[in-house]
Amino acid sequence: MNGRIYLCVPFEERRQATQAGASYDPGSLSCYVEKGRFDAERLKPWLPTFDVRPDPLPGSSWYDNVRSAVSQDEWRRLKKATYECYGHRCACCGDRGPEWPVECHEVFSFDDRRGVQRLEHLVALCPPCHEVNHIGLASTRGRFDVAISHMMAVTGRSRNSCRREAVESMKLANVRSRRKWTVDLSYLKTLAPAPPAIR
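The structure presented is a predicted model; accordingly, all values stated were derived computationally and were not measured. Numbering of residues starts from 1 in each chain and follows the order in which that chain's sequence is written. A pLDDT threshold of at least 70 governs which residues receive local features in this predicted model, and a stricter bar of 80 or more applies before side-chain atom pairs are shown or counted, although totals over entire chains, interfaces and linings include all residues. Calculation of side-chain values draws on the structure's entire complement of heavy atoms; hydrogens and water are dropped beforehand.

Side note on the sheet that holds strand β5 (residues 116-125)
Here comes step 1: Pairing between two strands is assigned when DSSP locates at least 2 bridges connecting them. A helix here means a DSSP run of H or I that spans at least four residues, while a strand means a run of E at least two residues long, and both kinds are numbered starting from the N terminus. Sheet architecture is open: three strands sit in the order β4-β5-β6, paired in mixed fashion. Lying at the two open borders of the sheet, with one neighbouring strand each, are β4 (103-111) and β6 (182-184). The average undirected angle you get between the axes of adjacent strands in this sheet is 40 degrees.
Here comes step 2: Contacts are assigned to residue pairs that have any heavy atoms within 4.5 Å of one another. Every axis in this analysis is a line fitted to C-alpha atoms, fitted for helices over the stretch in contact. Angles between the N-to-C directions lie between 0 and 180 degrees. Across the sheet, helix α4 (residues 72-85) touches β4 and β5, and the angle it forms with β4 is around 95 degrees.

Structure follows, in structure tokens:
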């Protein structure tokens, strides 16, 4: 990662972001700031703030998710709206992936007592940050160490610290995988016309 922090600025908010101190890179069609040289309070609405961390999802969520619960057209609309909310930038690191810029990540909360898995939000993540969030899937694909290295680069934490968190997350995911979950997607009803960015 270079000295720039790319911001999650929707196209229609570029002017406000540059007035708040961001620079605009016409090559990437993105706003950015130089690390350590910006007013975080003025730019707070567009700073990447979503934590890159392993998400302890049960195995049932790996392939049975929002995408499989809505039509292809609706999933395309949700993805497009989510990407636009974040200015086609990762909500964790502000970067973009090498092959495609971002992917749509589903943020769930879990009521372990009642067995309810509730969709809370949709967020744009670059493929490497998305892989960290799905560390169990990354592990089955032989990409555990790649995901850990990316987590270290984004968070500045040690390899041992990142590995510990990933292992604990996978243990919790295994526990959650032993039961049946009721998936609550009622959040989708609130998305008219687009999911709000996490600020």
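Description of helix α8 (residues 159-176)
Here comes step 1: Helix span is expected to be 1.5 Å times the residue number reduced by one. Across its 18 residues, α8 extends 26 Å between first and last C-alpha, which sits within 8% of the 26 Å expected from 1.5 Å per residue.
Here comes step 2: Partly exposed describes any residue whose relative accessible area lies between the buried limit of under 20% and the exposed limit of over 50%, with all areas from a 1.4 Å probe on protein chains only and scaled to the type maximum. For α8, the complete set of buried residues consists of S161, C162, E165, A166, S169, A173 and R176. For α8, the buried positions fall inside an angular range of 130 degrees around the axis, keeping them on one side. Residues of α8 that are exposed and angled more than 90 degrees away from the buried face: N160 and R164. This arc is built from the directions going out from the helix axis to the C-beta atoms.

Focus: the side chain of S169
Here comes step 1: Here S169 is to be found in helix α8.
Here comes step 2: By relative accessible area, which is 7% here, S169 ends up buried.
Here comes step 3: With sequence-adjacent residues up to four places away left out, S169 is seen in contact with P54, D55, P56 and I135.

Considering the side chain of H121
Here comes step 1: By the element assignment, H121 lies in strand β5.
Here comes step 2: Since its relative accessible area comes to 7%, H121 is described here as buried.

A short note on the pattern of salt bridges
Here comes step 1: Salt bridges are counted wherever a side-chain nitrogen of Lys or Arg sits within 4 Å of a carboxyl oxygen of Asp or Glu. Considering all chains together, one arrives at 12 salt bridges under this definition.
Here comes step 2: Where D145 meets R163, a salt bridge forms, and the shortest distance between an N and an O atom there is 3.0 Å. Placement of D145 in helix α7 (residues 144-155) and of R163 in helix α8 is noted, with a sequence separation of 18 residues between them.
Here comes step 3: Several salt bridges converge on common partners, so that one network encompasses R53, R157 and E165.

What to know about the packing of aromatic side chains
Here comes step 1: Each Phe, Tyr or Trp ring, with Trp reduced to its six-membered ring, pairs with another whose centre is within 6.5 Å; inter-plane angles below 30 degrees give stacked pairs, above 60 give edge-to-face pairs, and intermediate values give tilted ones. Tallying each qualifying case throughout the model produces two aromatic pairs.
Here comes step 2: With a centroid separation of 5.8 Å and 50 degrees between ring planes, the pair formed by Y6 and Y32 is classed as tilted. Pair noted here: Y6 is in strand β1 (residues 4-6) and Y32 is in strand β3 (residues 30-34), with a separation of 26 residues, a long-range link.
Here comes step 3: When the ring centre of F110 is taken as origin, the NZ or CZ atom of R176, which lies over that ring, is 4.0 Å away.
Here comes step 4: A cation over a ring is seen here: R179 above W181, with NZ or CZ 5.0 Å from the ring centre. Lysine NZ or arginine CZ positioned within 6 Å of the ring centre and within 35 degrees of the ring normal marks a charge as sitting over the ring.

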